[in-house]
Amino acid sequence: MVRRLPRKDVVIVGLGWTGSILAYELAHTGLDVVAIERGPWRDTAVDFNIGTAADELRYAVRQDIFLRPTQETLTMRNNPSQTALPIRKWGSFLPGNGVGGAGVHWNGQTWRFLPDDFRIRSHMIERYGEGIMPEGNHIQDWPVSYDELEPYYDKFERVAGISGRAGNIKGEIQPGGNRFEGARENEYPTPAMKQGYQQELFTKAAANMGLHPFPRPSANISTAYTNPYGCSMAPCTYCGFCEWFGCANYSKASPQTCVLPALIREPTFEARTECEVTKVNLTVDGKMATGVTYVDANGEEWEQPADLVLVCAYGLFNVRLLLLSGIGKPYDPASDEGVVGRNYAYQTGSGSTAFFEDVKFNPFAAAGSTGVALDDFNSDNFDHGPHGFVGGASITCAHTNGRPIRYHPTLPGTPAWGSAWKKGVRDAYQRVANVGAQGSVMSYRNNYLDLDPTYKDALGRPLMRMTFDYQPNEQKMANWMAERCNEIAKAMGAKVTQVNRLGVPWNVVPYQTTHNTGGTVMSSDPKTGVLNRYLQSWDVPNVFVMGASAFPQNAGYNPTGTVGALTYWGLDGIFNYLKSPGALVQP
Amino acid sequence: MVEPGSLWPGKKPSRRRSAAESHSGVTRRSLLASAALLITTSGATARVVTKVLPWKPNEAYPPTPVVPGGYLFFTANEAALVDAFVDRLIPTDELGPGAKDAGVTTFIDRQLTGPYGGHDWLYMQGPFSQNPLPTQGLQSPLTPRQQYRLGLSALESHCTSIFNRSFTQLSADEQDKLIGALEKGEVQLPNFSSKMLFTAIYTNTIEGFFADPIYGGNRDMAGWKLVGFPGVRYDYRDVLDKPNQSYTLPPVGMQGRPAWGGR
């Protein structure tokens, strides 16, 4: 039997980056806020303790702090004609779990998307004509511009303490920064990170080629810093345990380091952990949310009534919660109608592995966001006319770690075991650099999310089904980028290089990236998205949905900077809603 | 710089979470904390966190250190077989100890007795497809424990019928040829996928050779010394200040180093 709890002003589903920021800002105004999180509470001091955090087997291989597939997973297939099967073990992407969410285990690369990315459809057609648009695409302009988001990017960067070097302050190009970035109001809050020897080689080689390298923006921060919430961070020690680990050092921006210490002091806030929200409840006519239903750790069901429901889970699980709650019309690729699950996108990875002689790269001395990048081939920073594809990639020379279970490269042609392997591993460990291209993925009619007809989660609810493959446009783009990476790798002085083309069809086994986007897209037209420009549901105005599930397609960057900016942008929408409840945008 | 070994007084952390607890959804810690923080007005049994962050000084959740000696999962014959197999995958040679001498068999044995061995954290609900796409990854209902038990038995049957000897009695060359054939799927083992057996042993061997010594493998940090990984030293600011130079300090594990009284 479901038991009903006392009403709250705001219920938040999921206590990661977006949920913790909104919880703090709303509780700070005196509202009663409850956050319901299906994973455990996590604190730096005990859960990412310096004596236990640097454990590659436990965290990066056995995936101790991640969502366990036994609790929830997805099914996957490459196209609608196939039968989807469950992702029994995480591989290509790795969703987080517990308080802090993916903000605990990320690498910390914190980008702003480029101004053109927000109006990519209009921009590409204006410059190149309709002919450049790929077959079956759903590419659409964002309903918000870079200029509108700029102050919100700034706010998130200040809360997270991001280290970097500006390339464009108020229209003035800054030496050593990213000259292609949109104009910024302010310099980064903390100076750029230290770099390693291979970044030195990359910077020289790229500059000699007429390209424009710069230190990539990092949420592993370079100096001590206290953020606007009064939370203090310590300088990064480049320990090489960022991605898939919690930071023991209070150096990586996360809800734990940047928000929770302030949030927990708000007397009108409470978190309930190990409680899984199963449904957003609606009024009989389906036009308003009345709260949520959740199941606690003992399997008991509770109803939490609330005036406002903020869906702040990992993007993929936002989509599933809306599908299970009946908010918005599910997307149907056959008729190309409906919106929930539409425009799922991802990220391409390609590049070049470069083998050197007589160098000591010391790959273990690194942070998740050390690295030098260039944007000369991102978005529309270069002429797409001769290439016939849409999109681009940020190109980066980086090591994030030298953890040897997963990182023990060998020269091409080395056997996979035996004494020859052993010698190959020993010889290559210090001598390999990687030049990688992280590319955009556009949205398409046949890349989407819906509910699986066969497989269920531990609570008996249908798993979500992911239908995805890299389309010809992305393959063309990513493989062209791999050649650019290879040119740079050779110019760095590598003796041997290996071109890494985009792996197709998309395979769930090798880790690629946890940059899953779309499915609850923000749009200017309710027919092409779930959310209006303030991340408010078109159908149920007291439901807002945060996260990368709002991206209409993905750009050639890590998503978190834009997720953070959208959260603060959405917050302004929520404040407006609270002043005058109702739809903030008339369809 | 913090010396990780200093956080291990007497190598016996008193607030250790046992393997069983750490693998269930509800941890001992969460139960203690929820008992302290339970909202009783509504009777809800969620863990509620409000007003203060719930962590306590000196609380941490280290893994249980593996104590070498004997086997908890493998039979003596299986252990001998795994010893011989991993000794060919990563042999002891002029570059240093190989997998067998680094304790990899013990590592695998202990991993198989934990949640990994039963795929406890993975999605194991059926139906299991007979013809999954290559892009769909793991689709077998066999847990690692079953893979080893059945796979090693199949390997022994194969060796008996072809060579009339155990795998352990084959020459190094014969073992290498057979392992290579398993890797490529060129040998048909009785009722077991040769590739599945190879992949299981190979994957776990790499893990055991390079994982922190606390898990029973990587003895004397042999794997880390081979490549020059310093382990958990945790502060490399000085390394970045001196580019392209050798790192000379010896590696450190979660339990410190032998010279400090650790392992």
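Rules of the game
Residues numbered from 1 in each chain as written. Chains lettered and ligands numbered in written order. Predicted model: local features only at pLDDT ≥ 70, side-chain atom pairs only at ≥ 80, totals over all residues. Helix = DSSP H or I, 4+ residues; strand = E, 2+ residues; numbered from the N terminus. Rg over C-alpha atoms; globule rule 2.2 N^0.38 Å. Buried ≥ 20, exposed ≤ 12 C-beta atoms within 10 Å, placed from the backbone. Contact = placed C-beta atoms within 7 Å. Expected span 1.5 Å × (residues − 1). Arc of directions from axis to C-beta. Nonpolar A, V, L, I, M, F, W, Y, C, P; charged D, E, K, R; others polar. Pairing = 2+ DSSP bridges. Axes fitted to C-alpha atoms, helices over the stretch in contact; angles between N-to-C directions. Right-handed = clockwise from strand over helix to strand, strands pointing away. Parallel < 35°, antiparallel > 145°, perpendicular 65-115°, else oblique. Left-handed = near helix turned anticlockwise from the far one by under 90°.

**Things to note about the overall build of chain A**
- Each helix and strand in chain A was counted, giving 13 helices and 24 strands.
- Relative to its length of 587 residues, chain A is compact, with a C-alpha radius of gyration of 23 Å against a globular reference of 25 Å.
- When its C-alpha atoms are laid out on the principal axes, chain A stretches across 70 × 55 × 50 Å.
- The 587 residues of chain A split such that 64% are buried.

**Section: the overall build of chain B**
- Within chain B, the regular secondary structure consists of nine helices and one strand.
- In chain B, the succession of helices and strands from N to C terminus is α-α-β-α-α-α-α-α-α-α.
- Taken across its 263 residues, chain B has 40% of its residues classed as buried.
- Long-range contacts, defined here as pairs at least 24 residues apart, represent 61% of the contacts in chain B between residues at least 6 apart.

**Comments concerning helix 6 (residues 172-184) of chain B**
Residues and elements named next belong to chain B.
- With 13 residues, helix 6 should reach 18 Å at 1.5 Å per residue; the first-to-last C-alpha distance of 18 Å fits that figure.
- Within helix 6, burial applies to L178, I179 and L182. Considered in projection along helix 6, the buried side chains sweep an arc of 100° and stay on one side of the axis. Exposed and oriented more than 90 degrees from the buried face of helix 6 are D173 and K184.
- Looking at the buried positions of helix 6, the neighbouring elements they touch are helix 3 (76-89) and helix 7 (194-210).
- Looking at the residues trailing helix 6, positive phi occurs at G185, about 75°.

**Remarks on the environment of A:P330**
Residues and elements named next belong to chain A.
- Structurally, P330 is set in the loop between helix 10 (315-325) and strand 15 (342-345).
- A C-alpha to C-alpha distance of 37 Å links P330 and R158, two positions 172 residues apart in sequence.
- Excluding residues that lie within four positions of it along the chain, P330 makes contacts with L323, G338, V340, G341 and D450.

**Looking at the interface of chain A and chain B**
- If you look at the interface, chain A gives 78 residues, while chain B gives 74 residues.
- Looking at the side of chain A that touches chain B, the elements that each hand over two or more residues are helix 2 (44-47), helix 3 (56-61), strand 5 (85-86), helix 7 (197-208), helix 9 (260-263), strand 11 (269-273) and helix 11 (419-428) of chain A.
- Residues belonging to the side of chain A that touches chain B are distributed by class as follows: 40 nonpolar, 19 polar and 19 charged.
- Bridging between strand 11 of chain A and strand 1 (residues 47-49) of chain B involves three bridges; their strand directions are antiparallel. The partner of A:A271 across the bridge, within strand 1 of chain B, is B:V49.

**Observations regarding the sheet that holds strand 8 (residues 214-215) of chain A**
Residue and element names in this part refer to chain A.
- Spatially, six strands are ordered 8-17-18-19-16-22 in an open sheet, and the strand pairing comes out antiparallel. Strand pairing shows two members of the sheet lacking a second neighbour, strand 8 and strand 22 (496-500), which therefore form its edges.
- Pairing geometry for strand 16 (residues 348-355) and strand 19 (residues 432-439), over eight bridges, is antiparallel. Counted as the bridge partner of A354 is A433 from strand 19.
- Together, strand 17 (372-374), strand 18 (393-397) and strand 19 form the strand contacts of helix 7, whose direction differs from that of strand 17 by roughly 25°.
- In the packing of helix 12 (residues 472-491) onto the sheet, the strands contacted are strand 16, strand 18, strand 19 and strand 22, and the crossing angle to strand 16 comes to about 20°.

**Some remarks on the sheet that holds strand 20 (residues 448-456) of chain A**
Residues and elements named next belong to chain A.
- Pairing within the open sheet is mixed, and its four strands lie in the order 5-4-21-20. Each edge of the open sheet carries a strand with a single partner, namely strand 5 and strand 20.
- With five bridges joining them, strand 20 and strand 21 (residues 462-467) adopt antiparallel strand pairing. Paired with L451 across the strands is M464, a residue of strand 21.
- Strands strand 4 (74-77), strand 20 and strand 21 of the sheet are contacted by helix 10, whose axis makes an angle of about 125° with strand 21.

**Digging into unusual backbone geometry**
- Cis geometry is found at the peptide bond from A:V504 to A:P505, where omega equals -10°.
- Secondary-structure assignment places A:P505 in the loop between strand 22 and strand 23 (517-519).
- In this structure, the amide linkage connecting B:G126 to the following residue, B:P127, adopts the cis form with an omega of 0°.
- For A:Y250, which is not a glycine, the phi torsion comes out positive at approximately 55°.
- Tracing the backbone through its elements, the reader meets A:Y250 in the loop between strand 10 (232-233) and helix 8 (255-258).

**A short note on the pairing of strand 3 (residues 33-37) of chain A**
Residue and element names in this part refer to chain A.
- Of all the five residues making up strand 3, five are buried; the element is thus mostly covered by neighbouring parts of the structure.
- Along strand 3, one buried face is formed by V33, A35 and E37 and the opposite face, lined by V34 and I36, is buried too.
- Relative to strand 3, strand 2 (residues 8-13) is paired through four bridges, and the arrangement is parallel. From the neighbouring strand, V13 faces strand 3, where its bridge partner is I36.
- For the crossover from strand 2 across helix 1 (residues 17-27) to strand 3, the handedness is right-handed.
- Bridging between strand 3 and strand 11 involves five bridges; their strand directions are parallel. Bridge pairing in strand 11 places V33 opposite F269.

**Concerning the environment of A:F361**
Residue and element names in this part refer to chain A.
- Along the chain, the position of F361 falls in the loop between strand 16 and strand 17.
- With 22 C-beta atoms packed within 10 Å, F361 lands in the buried category.
- Among residues more than four places away in sequence, those in contact with F361 are G196, Y197, Q198, H399, Q430, R431 and A433.

**Regarding the packing of helix 3 of chain B against helix 6 of chain B**
All names here are of chain B.
- Remark: helix 3 packs on helix 6, axes separated minimally by 10 Å, with the N-to-C direction vectors making an angle of 85°. With respect to helix 6, the element helix 3 is oriented roughly perpendicular. Mapping the contact onto sequence places A84, F85 and R88 in helix 3 and A172, Q175, D176 and I179 in helix 6.
- Of the residues in the contact of helix 3 with helix 6, the class split is four nonpolar, one polar and two charged.

**Observations concerning the packing of helix 4 (residues 104-113) of chain B against helix 7 of chain B**
All names here are of chain B.
- Across the interface, helix 4 lies against helix 7 with an axial gap of 9 Å and an inter-helix angle of 110°. Judged on the interaxial angle alone, helix 7 and helix 4 are roughly perpendicular. Viewed along their axes, helix 4 and helix 7 form a crossing whose handedness is right-handed. Where helix 4 abuts helix 7, its residues V104, F107, I108 and Q111 lie against N204, T205, G208 and F209.
- In the contact of helix 4 with helix 7, the residues fall into four nonpolar, four polar and no charged.

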